[in-house]
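The lines below spell out each chain.
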Amino acid sequence: AQTVTQSQPEMSVQEAETVTLSCTYDTSENNYYLFWYKQPPSRQMILVIRQEAYKQQNATENRFSVNFQKAAKSFSLKISDSQLGDTAMYFCAFSRYNQGGKLIFGQGTELSVKP
Amino acid sequence: GAGVSQSPRYKVAKRGQDVALRCDPISGHVSLFWYQQALGQGPEFLTYFQNEAQLDKSGLPSDRFFAERPEGSVSTLKIQRTQQEDSAVYLCASSKGQSFIEPQHFGDGTRLSIL
């Protein structure tokens, strides 16, 4: 079975600085997808970024980028130029090929951006 | 509609009562997912539909949980004889196609409290 682990329950960062959230996962699969989702207090999950396991190049979306280390089964999220609106719970998630998109989530990291 | 709509937003029920939670996916979305999110935890997969077919119900915690999507659009998650451990936020998500790589769009969830 696949598992996703986020070892940082809480993190904080000063506005405009950079922060990195950690995620590790366990799988015997070779093909899969990894995601980072943001969940603000409003509860709606918002997709931040995703990475295909077969791609070596790390995904980037504006201020958000990932460091994908397939051999180490590590998938960290870097947020540059942090903004107050980035304050939220962040979840790392895993999806296997041929499972229709079922997501397996980590426990989450609560990020606070301080002015 | 513009997004995934869930109702009610909050539901309080006494232990032993039956409840029904509704999800209206984005129009035309083929895939629909239900997740259960306990307080302070990441969401856990419950079940998955492709159109009206329930392709995976491996995450349903007991036979008290039942989900349907009879016309391939609106879905209802029913919990019979509710128990206190059923208290959680229930999230619904939909995605455009049948491919697992399509991003999931989440609703705001229904917060269920069992007294």
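Remember, predicted model here, so these are calculated numbers, not experimental data.

The rules behind these values
- Residues numbered from 1 in each chain as written.
- Chains lettered and ligands numbered in written order.
- Predicted model: local features only at pLDDT ≥ 70, side-chain atom pairs only at ≥ 80, totals over all residues.
- Heavy atoms only, no water.
- Phe/Tyr/Trp six-rings, centres within 6.5 Å; stacked < 30°, edge-to-face > 60°.
- Buried < 20%, exposed > 50% of the residue type's maximum accessible area, 1.4 Å probe, protein only.
- Helix = DSSP H or I, 4+ residues; strand = E, 2+ residues; numbered from the N terminus.
- Contact = heavy atoms within 4.5 Å.
- Salt bridge = Lys/Arg side-chain N within 4 Å of Asp/Glu carboxyl O.
- Polar contact = N/O pair within 3.5 Å; in protein donor to acceptor, adjacent residues only side chain to side chain.

Student: What is the right way to look at the packing of aromatic side chains in this model?
Tutor: Centre-to-centre distance and the angle between the planes together describe a pair of aromatic rings. Within this structure, the stated rule accounts for 16 aromatic pairs over all chains. Ring plane angle 65° and centroid distance 5.4 Å describe the contact between Y25(A) and Y32(A), whose orientation is recorded as edge-to-face. The same class applies to Y25(A) and to Y32(A), which are both buried. Ring-pair connections join several aromatic residues into one group, and the members of that group are Y33(A), F35(A), Y37(A), F91(A), F105(A), F33(B), Y35(B), F45(B), Y48(B) and F106(B).

Student: Hey, could you run me through the side chain of S76(A) in this one?
Tutor: Inspection of the secondary structure puts S76(A) in strand 9 (residues 74-79). The contacts of S76(A), once residues within four sequence positions are left out, are T20(A), L21(A), S22(A), C23(A), W36(A), S65(A), V66(A) and N67(A).

Student: Which parts of the structure should I look at to understand the pattern of salt bridges?
Tutor: A side chain of one charge can pair with a side chain of the opposite charge when the charged atoms of the two come close. All names here are of chain B. Counted by the stated rule, this structure contains eight salt bridges over all chains. The partner of D108 in a salt bridge is R9, and the shortest N-O contact between them spans 3.6 Å. Of the two residues, D108 is situated in the loop between strand 10 (105-106) and strand 11 (110-114) and R9 in the loop between strand 1 (5-7) and strand 2 (10-13); the sequence distance between them amounts to 99 residues. Classification of D108 by relative accessible area gives partly exposed; the value is 30%. Note that R64 and D86 form a salt bridge whose closest N and O atoms lie 2.8 Å from each other.

Student: Mind showing me how you'd approach the side chain of Q8(A) here?
Tutor: All names here are of chain A. Residue position: Q8 is located in the loop between strand 1 (3-5) and strand 2 (10-14). Judged by relative accessible area, which is 18%, Q8 ranks as buried. Of the polar contacts made by the side chain of Q8, one reaches the backbone nitrogen of S22; its length is 2.8 Å. Setting aside residues no more than four positions away along its own chain, Q8 makes contact with T20, L21, S22, G108 and T109.

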